[in-house]
Amino acid sequence: MPVDHEDYLPGEAPAAHKETHQDGGTDEISIADLAGVSTELAAHALQPTVHQDAPTLILTHKGDASAHHAKYTDAEARAAINDIFGADGKADVDIDLDTHTLKGGPVISDGLRCDKVAHTFVDGDTTPSVLSGNVFVTANTAGTTITNFDDGRATQIITILFGDGNTTITRNNAYLAGGVNFVSTIQAVIVLLKIGAFWFEVSRSLNS
């Protein structure tokens, strides 16, 4: 008659019966081909981070910007990038990511930038903005006296083509050739350089 357990000496406690049928037991029972799921699989399926929830969890993580800064703070990331471009010899200067300028290197004046298009001043504006570029066109339909240019940058050079004969540039905030106001004629051009709080005439051309 076969036996399904090992023999025990008198007084010896038998092994826990269920453990012999579990994983690694001497009489392990396979659940292959059995209907249903094991207790472990059923418990796993109830966990909130299992496979069926993975797509939602991934999208949630993707939308959490702070989750992607576990290794570096913003300041540390900037320092790391600056080091790549500066300290290791790949570039002569560091990059300031806040101001988009080169740190400790040669400064290229905004005035030397080339615009792809000319920007037209607003009709009748007596203090037109020069923030958008360096080349501008006037289109004043009535007499307009320009007393200053808003948003000028240090060392900025602006070139103005006059599309009308209605515009006057005064000496309120500009030093002009001959010490007199500039009165436009159609197709005239004037070039101004900003130093400190004032604009200085570089050149003019009366064209026809």
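One can find the structure itself at the top, above this paragraph.
This one's a predicted model, so the numbers in the text were calculated from it and none came from an experiment.

Trainee: Give a description of the sheet that holds strand 10 (residues 189–195) that names residues and reports values.
Mentor: Pairing is mixed in the open sheet, where 6 strands are placed in the order 3-4-6-10-11-8. Two strands bound the open sheet, and with one partner strand each, they are strand 3 (119–120) and strand 8 (174–175). Alignment of strand 8 against strand 11 (residues 198–205), held across 2 bridges, turns out to be parallel. By the bridge assignment, Tyr 175 is partnered in strand 11 with Phe 200.

Trainee: Could you give an account of the pairing of strand 10, naming the residues involved and the relevant values?
Mentor: Bridge count between strand 6 (residues 157–162) and strand 10: 5 bridges; the pairing is antiparallel. Counted as the bridge partner of Leu 161 is Val 189 from strand 10. The pairing of strand 10 with strand 11 spans 7 bridges and is classified as antiparallel. Bridged to Val 191 within strand 11 is Ser 203.

Trainee: If you had to explain the sheet that holds strand 7 (residues 167–169) to someone new, which residues and values would you point to?
Mentor: If you walk across this open sheet you meet the 3 strands as 5-7-9, and the pairing is mixed. Sheet topology places strand 5 (144–146) and strand 9 (182–183) at the edges, where each strand pairs with a single neighbour. Relative to strand 9, strand 7 is paired through 2 bridges, and the arrangement is antiparallel. Paired with Thr 168 across the bridge in strand 9 is Val 183.

Trainee: Before we move on, could you go through the nonpolar core and cite the residues and values that matter?
Mentor: Counting 16 residues, the largest nonpolar core has Phe 149, Ile 158, Ile 160, Ile 169, Ile 190 and Leu 192 as its most contacted members. Elements with a minimum of two residues in this core: strand 6 and strand 10. Every residue in contact with Leu 192, bar those within four places of it in the chain, is listed here: Phe 149, Gln 156, Ile 157, Ile 158, Ile 160, Leu 176, Trp 199, Phe 200, Glu 201 and Val 202.

Trainee: Pulling in residues and values, what's your account of unusual backbone geometry?
Mentor: Within the chain, Asp 151 stands out as a residue other than glycine whose phi angle is a positive 65 degrees. Within the fold, Asp 151 resides in the loop between strand 5 and strand 6. For Asp 151, a relative accessible area of 43% corresponds to the partly exposed category. Phi is positive for Gln 187, which is not a glycine, with a value near 80 degrees. Examined against the element boundaries, Gln 187 turns out to sit in the loop between strand 9 and strand 10.

Trainee: Provide a residue-level description of the side chain of Ser 184, including the pertinent values.
Mentor: For Ser 184, the location among the structural elements is in the loop between strand 9 and strand 10. A polar side-chain atom of Ser 184 sits 3.1 Å from the main-chain carbonyl oxygen of Asp 164. Apart from the residues lying within four places of it in its own chain, the contact partners of Ser 184 are Phe 162, Asp 164, Gly 165, Asn 166 and Thr 167.

Trainee: Could you give me a rundown of the side chain of Thr 167, with the residues and numbers involved?
Mentor: Tracing the sequence through the fold places Thr 167 in strand 7. Judged by relative accessible area, Thr 167 falls into the buried class, the value being 0%. A distance of 2.7 Å separates polar atoms of two side chains, one belonging to Thr 167 and the other to Asn 140. Beyond its immediate sequence surroundings of up to four residues, Thr 167 is in contact with Thr 138, Asn 140, Thr 144, Ile 146, Phe 162, Phe 182, Val 183 and Ser 184.

Quick notes on the rules
Residues numbered from 1 in each chain as written. Predicted model: local features only at pLDDT ≥ 70, side-chain atom pairs only at ≥ 80, totals over all residues. Heavy atoms only, no water. Pairing = 2+ DSSP bridges. Helix = DSSP H or I, 4+ residues; strand = E, 2+ residues; numbered from the N terminus. Core = buried A, V, L, I, M, F, W, Y, C linked by side-chain atoms within 4.5 Å. Buried < 20%, exposed > 50% of the residue type's maximum accessible area, 1.4 Å probe, protein only. Contact = heavy atoms within 4.5 Å. Polar contact = N/O pair within 3.5 Å; in protein donor to acceptor, adjacent residues only side chain to side chain.

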